[in-house]
Amino acid sequence: MEGKISVYKICKIVVISLKLLTVGLLLMPPIVVATSSFNPTAFAPFPPRGLSLRWFETFFGDSGLISGIRNSIFFAVLSTALSLAIGILASFAIARYNFKGKNLLDALILSPIVLPEVAFGNALLVYFYYLKYYNHTIILLLGQTIIALPYVFRVILPSFYGISRSFEEAAMTLGANEIQTFLRITLPLIKPGLIAGIVLGFATAFNNFSVSVFLVVTSTQTLPVHLMGRMRIFLDPTIAAASTFVCLTMVSALIITEKLVGIDKLITGIRWR
Amino acid sequence: MAVTKIFDVELVGVTKTFGKVKAVDDMSLGIKPKEFMTLLGPSGCGKTTALRCIAGLEKHDKGDIFIKGQLVNDVPPYRRNIGLVFQDYAIFPHMTIFENLAFGLKIRKVDKEEINERAKKYLELVRLPGYEERYASQLSGGERQRIALARSLIIEPTLLLLDEPLSNLDLKLRVQMRVELATMQREVGITTLYVTHDQGEAMAMSDRIAVMDHGRIKQVGTPTEIYNFPQDKFVADFIGEANIFSGKILERNETEIKISTDSDLTLFALPAEEELKGSVYVSVRPEAIKLYKQRPPLKNAFGGSIEAIEYLGSYVKCHICLNNNQKVVAHILYTKQVPDYFSPGKKIYVGWEHEDCTLINR
Amino acid sequence: MSSISIKFLRRIGRLGFTPYILCAPAIIILVFFFLFPAVMLLSVSFFKYLPPGTAIGKMYEPTFTLENYMRFFKSAYLDGYLWPTIKVMVTSTIIALILSYPVAYSIARSPPRKRKILTAITIAALLVGPVVRVYSWLVILSRDGIINNFISLLGFNKIEFLGTDLGVIIGTTQFLLAFLIFSLSGSIQNINPSYEDAARSLGANEIYTFIKITLPLSLPGISSAVLLGLTLSATMFETPMVLGQGIVEMLANLVFTEISFLNFPFASVASVMLLAITLTISYGVNYLLQAKIKVR
């Protein structure tokens with residue numbers, strides 16, 4: 001009897017330690033990055049030896065970083081908008097109609113997740129080289145849009161299923177044509193899914209490295225690509241400052257999502273199957 | 001040909017198929033102006049499909065639909081000027097009650113003052129004054145149902161369609177709403193098509209009932225006609241309760257018709273005006289059957305024993321097994337007068353008048 | 001104006017084309033900028049590589065050759081890239097699985113408040129992006145980082161993390177955590193809690209319930225998580241690039257290196273191999289899953 005109790009206790013301790021370790025590991029990156037960005041010295045950035053804002057000064061004065069942020073935001077916003085538009089139309093079709101090839105289309109939209117990002121970046125590079133097409137802005141935009149599309153789709157599609165068709169039919173019997181119904185009834189009702197889709201799509205596009213690294217040129221260089229490049233050279237705490245900035249952006253987006261629609265909505269997009 | 005001067009709504013030979021199934025099978029029906037018409041039938045009989053075809057939410061495959069004389073086959077639902085109350089009410093959750101009511105009016109470009117006036121008027125009509133700023137989530141089922149009705153009526157359509165609007169309410173509320181709905185309909189005076197599987201509702205509210213089964217209309221008539229003069233076995237069976245015998249006509253003369261049932265009973269009915277073939281169903285309502293200790297002086301009298309008795313409050317249901325093993329059901333009103341003699345196991349006689357036999361062609 | 005377009009749209013709608021038109025943008029963008037490039041990738045892997053200077057303006061010659069694949073299957077590449085990749089994949093997936101299961105279980109079974117907090121932490125960990133993650137490991141695992149400082153304080157020799165398998169595995173494991181947690185919590189949530197309650201009411205303590213009831217029932221979920229883990233870690237790029245410091249490289253890094261040498265055909269071979277690995281894992285695990293279900 002006594003022996004059994006201690007085994008039980010040991011198991012409990014092990015499990016709790018594992019949980020603590022895991023949570024610690026999850027939170028480690030943003031915490032380390034944030035604290036080392038306030039470190040006064042360039043060497044041994046963690047744990048920090050004091051408090052200093054010098055790296056933030058460098059960050060804001062660094063034209064490469066600033067243009068990186070500008071590019072990242074530009075491309076992320078555009079590709080999110082694009083994948084949102086495409087995703088909404090396709091989700092509506094799949095949720096409301098029965099047509100041949102419906103399942104095939106569903107699989108097609110989700111297929112970019114199956115292809116490794118590296119392979120996709122490689123493929124696009126080779127493809128546009130073959131086509132002799134060199135508009136790098138469009139190329140990067142297309143790449144990020146296709147990467148974001150499956151996530152946006154996976155979040156928005158359930159929203160459409162969640163709305164009873166009666167609402168749309170009621171609107172039509174009251175005199176609204178198809179477009180009026182869609183704008184005044186359907187879209188407002190899928191707002192939660194829309195917001196989750198925007199946040200997830202933006203995060204995916206903004207943070208993307210594996211595809212973007214193959215497609216960027218100096219003028220379109222995004223923040224992740226720029227930062228990774230610097231990291232290989234030396235451990236510059238300005239990178240920490242920039243990363244802290246990224247963390248803050250993402251956490252704010254998360255808080256906004258939670259306040260508006262609840263973060264559970266995001267999970268459907270992240271879950272694999 | 002459409003007799004469009006008499007009817008506000010007319011279906012001519014309408015058929016709607018889903019895959020291999022004919023949900024609506026060559027249906028023809030006319031609804032008179034200001035009439036309260038009900039489509040009554042079991043689940044899957046096609047009544048909701050027919051309603052949706054009239055609304056324009058489904059496109060029928062064959063036949064024509066006319067609303068106020070206009071052919072509307074290709075007219076989209078938002079141009080048919082109809083009001084539709086859905087089974088789940090479909091009150092827009094992201095809008096206030098006022099915005100819900102105003103929705104149809106805004107589309108029709110009615111001006112603000114008029115909208116406010118009408119909103120007040122129709123909220124009063126459904127006895128929910130002052131509800132403008134509330135949301136659907138704050139309303140009970142019954143209130144939502146009334147708002148759905150107000151929303152459909154406020155646009156002052158030509159036709160009101162209701163798809164089983166009371167089925168989500170509890171029993172007491174349902175019975176109460178029946179009366180209210182019928183009263184409101186008469187007050188507003190709008191042509192109405194009601195769909196339900198509940199015959200009590202249909203009988204209580206309608207001017208005329210169309211009984212449907214498997215996509216076809218079996219009979220159209222007033223509640224009294226449907227109940228007392230069913231022209232179809234399905235109708236007799238579905239409406240109220242009926243004891244149905246199948247048999248052949250043996251003799252006919254001026255005073256009576258003699259029928260021999262398949263279970264070897266001889267029944268007597270009054271002469272009928274309609275054409276009757278040799279094979280018929282005989283329908284006898286349970287409330288027409290009376291119980292006797294001794295054989296009564298009626299031609300339709302048979303011996304048997306009581307199998308079971310159900311005390312149902314306002315009447316007693318007696319399950320009787322006749323001597324030839326045929327089962328019949330009798331309803332006895334005025335339970336206080338049921339003598340103690342009539343209890344399970346006792347031998348009794350049942351009897352009914354000639355006029356209580358309704359003959360239906362087989 | 002708009003009524004004319006509505007009429008036109010309705011005519012199209014009656015013909016049954018509406019859904020296809022709605023899906024057209026998705027179809028166009030995916031076919032032209034996903035499928036075609038993928039096909040291109042496959043083709044290029046069979047093309048002949050022209051080193052720079054051989055022919056002006058051409059990086060490859062579009063003739064069919066297997067030389068790239070043959071080169072890939074030489075031991076140098078298998079030992080240098082394929083084997084490290086598989087090592088990292090398997091190790092990090094197993095460790096990540098063990099670490100993420102408890103938290104996933106908590107998310108699935110905890111009351112709303114605790115669940116929300118854990119979920120928020122996990123999502124936040126994901127959302128910050130690979131750059132933040134990789135940089136933080138760089139800082140912690142370096143020779144002057146906190147871990148090595150702690151170790152030398154205890155009197156041991158400093159451990160070289162960067163540029164070793166260990167470093168890459170640590171980084172990859174942490175990367176997988178959030179994904180596995182979500183995958184597992186989803187499937188655990190689908191296990192009817194009544195089973196666990198029933199076991200407990202029959203006298204089983206928590207450990208026994210877990211081993212005999214919960215674990216077996218979560219086997220499909222674990223398989224999915226394993227699938228997810230292997231797939232994600234196979235295609236990892238940022239982590240080995242920075243934490244491997246060029247010494248430890250995975251297949252994804254090979255692609256990048258070859259591209260920077262402008263050897264499109266060989267890079268494409270690496271990409272195709274990567275895809276082949278992920279597809280094999282997918283079908284392999286699914287097949288095993290089906291087989292197990294059939295046995296039951």
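All of these numbers come straight from a predicted model, not from anything done at the bench.

## Comments concerning the overall build of chain A
Of the regular secondary structure elements, chain A holds 13 helices and 0 strands. Secondary structure of chain A in N-to-C order comes out as α-α-α-α-α-α-α-α-α-α-α-α-α. In terms of overall dimensions, chain A has a C-alpha envelope of 75 × 70 × 35 Å along the principal axes. A burial count over chain A gives 49% of its 273 residues as buried. The long-range fraction of contacts in chain A, counting pairs at least 24 apart against all pairs at least 6 apart in sequence, stands at 75%.

## What about the overall build of chain B?
A tally of helices and strands in chain B yields 8 helices and 20 strands. Considering chain B as a whole, with its 362 residues, one finds that 39% of them fall into the buried category. Looking at chain B alone, contacts between residues at least 24 apart form 64% of all its contacts between residues at least 6 apart.

## Some words on unusual backbone geometry
All names here are of chain B. Positive phi is not limited to glycine here, since Asn81 has a value of about 55°. Assignment of secondary structure puts Asn81 in the loop between β5 (70–71) and β6 (82–85). One non-glycine residue with positive phi stands out, namely Ala90, at about 50°. Residue placement: Ala90 occurs in the loop between β6 and α2 (97–107). In this structure Ala90 comes out as buried when scored by C-beta crowding, with 24 C-beta atoms within 10 Å.

## So, helix α4 (residues 141–154) of chain B
Residues and elements named next belong to chain B. Between its first and last C-alpha atoms α4 spans 20 Å; for 14 residues at 1.5 Å apiece the expected length is 20 Å, and the two agree. Across the 14 residues of α4, 11 count as buried, placing the element largely inside the fold. What α4 keeps buried is the set Arg144, Gln145, Arg146, Ile147, Ala148, Leu149, Ala150, Arg151, Ser152, Leu153 and Ile154. Buried positions along α4 lie against β6, α2, α3 (112–125), β7 (159–163) and α5 (171–188). A positive backbone phi angle near 50° is found at Glu156, which sits one or two residues after α4.

## Structural notes on helix α1 (residues 47–55) of chain B
Residues and elements named next belong to chain B. Burial analysis of α1 places 9 of its 9 residues in the buried class, the great majority of the element. Every buried residue of α1 is listed here: Lys47, Thr48, Thr49, Ala50, Leu51, Arg52, Cys53, Ile54 and Ala55. Downstream of α1 by one or two residues, Gly56 has phi in the positive range, about 95°.

## What about the sheet that holds strand β4 (residues 62–67) of chain B?
Residue and element names in this part refer to chain B. Taken in spatial order, the 4 strands make up an open sheet running β2-β1-β4-β5, and their pairing is antiparallel. Each of the sheet's edge strands pairs with one partner strand only, and the pair in question is β2 (21–31) and β5. Bridge analysis of strand β1 (residues 9–18) against β4 gives 5 bridges, and the strand direction is antiparallel. Looking at the pairing, Glu10 lines up with Phe66 of β4. α1 rests against β1, β2 and β4 of the sheet, and its axis sits at about 65° to β2.

## Focus: the environment of C:Leu184
Residues and elements named next belong to chain C. Within the fold, Leu184 resides in helix α8 (residues 165–189). Once the C-alpha coordinates of Leu184 and Ala225 are considered, the two residues, 41 residues apart in sequence, prove to be 6.2 Å apart. The contact partners of Leu184, leaving out residues within four places of it in the chain, are Ser100, Tyr101, Ala104, Gly221 and Ala225.

## Details of the packing of helix α4 (residues 75–109) of chain C against helix α11 (residues 219–234) of chain C
All names here are of chain C. Running from amino to carboxyl end, α4 crosses α11 at an angle of 140°, the nearest separation of the two axes being 9 Å. Our classification of the angle between α4 and α11 gives oblique. For α4 against α11, the interelement crossing comes out right-handed. Seen from α4, the contacting residues are Thr85, Val88, Met89, Ser92, Thr93, Ala96 and Leu97; seen from α11, they are Ile222, Ala225, Val226, Gly229, Leu230, Ser233 and Ala234.

## Digging into the interface of chain C and chain A
At the junction of the two partners, chain C supplies 72 residues and chain A supplies 78 residues. The element that contributes the greatest number of residues to the side of chain C that touches chain A is helix α2 (residues 18–44) of chain C, accounting for 17 residues. In terms of residue class, the side of chain C that touches chain A is made up of 51 nonpolar, 18 polar and 3 charged.

## Topic: the environment of B:Gln294
Structurally, the position occupied by B:Gln294 is in the loop between β15 (290–292) and β16 (300–311). Between the C-alpha atoms of B:Gln294 and B:Glu114, which are 180 residues apart in sequence, the distance is 73 Å.

## Digging into the sheet that holds strand β13 (residues 266–269) of chain B
Residue and element names in this part refer to chain B. Pairing is antiparallel across the open sheet formed by 5 strands, whose spatial order is β13-β12-β11-β14-β20. Of all strands in the sheet, those with a lone pairing partner are β13 and β20 (357–361), marking the two edges. The mean angle between the axes of side-by-side strands here comes to 45°, regardless of whether they run parallel or antiparallel. By the bridge criterion, 5 bridges tie strand β14 (residues 279–284) to β20 in an arrangement that is antiparallel. Each residue of the ladder has a partner; that of Val284, found in β20, is Cys357.

## Here's the deal with the nonpolar core
Judged by nonpolar contacts, the single largest core of 264 residues is most densely connected at B:Leu161, B:Leu193, B:Val282, C:Leu180 and C:Leu274. Of the residues that make up this core, three or more belong to each of domain 1 (2–69) and domain 2 (82–249) of chain C.

## Observations concerning the pairing of strand β9 (residues 208–213) of chain B
All names here are of chain B. Taken across its 6 residues, β9 has 5 buried, putting it largely inside the fold. Two strands pair when backbone bridges link them, and strand β3 (residues 36–40) and β9 are joined in this way by 4 bridges, in the parallel orientation. Looking at the pairing, Leu40 lines up with Val211 of β9. Alignment of β9 against strand β10 (residues 216–221), held across 5 bridges, turns out to be antiparallel. Across the sheet, residue Ile209 finds its bridge partner in β10, namely Gly221. Between β9 and β10, which pair antiparallel and follow one another directly, the connecting turn spans 2 residues, one of which, His214, has a positive phi of 50°.

## Remarks on the packing of helix α3 (residues 63–96) of chain A against α2(C)
Viewed as axis vectors pointing N to C, α3(A) and α2(C) meet at an angle of 135°, and their least axial separation amounts to 8 Å. In terms of their interaxial angle, α3(A) and α2(C) are classed as oblique. Here α3(A) runs over α2(C); the crossing is left-handed. Here α3(A) contributes A:Ile86, A:Leu89, A:Ala90, A:Phe92 and A:Ala93 to the contact with α2(C), which in turn contributes C:Pro19, C:Leu22, C:Cys23, C:Pro25, C:Ala26 and C:Ile29. Classifying every residue of the contact of α3(A) with α2(C) by side-chain character gives 11 nonpolar, no polar and no charged.

## Brief notes about the confidence of the model for chain B
Taken as a whole, chain B shows an average pLDDT of 90; of its residues, 97% reach a score of 70 or greater. Among the prediction metrics, the complex's ipTM stands at 0.86, with pTM recorded as 0.80.

## Some words on the pairing of β2(B)
Every regular strand shows the same layout, with side chains that alternate between the two sheet faces. In this structure, β1(B) lies alongside β2(B), joined through 7 bridges in antiparallel fashion. Pairing of B:Lys16 across the sheet is with B:Val24, part of β2(B).

## As for the environment of B:Ala269
All names here are of chain B. Here Ala269 shows up in strand β13. Measuring from C-alpha to C-alpha, the distance between Ala269 and Val9 comes to 38 Å, with 260 residues separating the pair along the chain. Once you skip the residues sitting within four places of it in the chain, Ala269 turns out to touch Glu256, Ile257, Ile259, Val282, His354, Cys357 and Leu359.

What counts, and where the lines are drawn
Residues numbered from 1 in each chain as written. Chains lettered and ligands numbered in written order. Predicted model: local features only at pLDDT ≥ 70, side-chain atom pairs only at ≥ 80, totals over all residues. Helix = DSSP H or I, 4+ residues; strand = E, 2+ residues; numbered from the N terminus. Buried ≥ 20, exposed ≤ 12 C-beta atoms within 10 Å, placed from the backbone. Contact = placed C-beta atoms within 7 Å. Expected span 1.5 Å × (residues − 1). Pairing = 2+ DSSP bridges. Axes fitted to C-alpha atoms, helices over the stretch in contact; angles between N-to-C directions. Parallel < 35°, antiparallel > 145°, perpendicular 65-115°, else oblique. Left-handed = near helix turned anticlockwise from the far one by under 90°. Nonpolar A, V, L, I, M, F, W, Y, C, P; charged D, E, K, R; others polar. Core = buried A, V, L, I, M, F, W, Y, C linked by C-beta atoms within 7 Å. Domains from an automatic or database assignment. pLDDT = per-residue confidence, 0-100.

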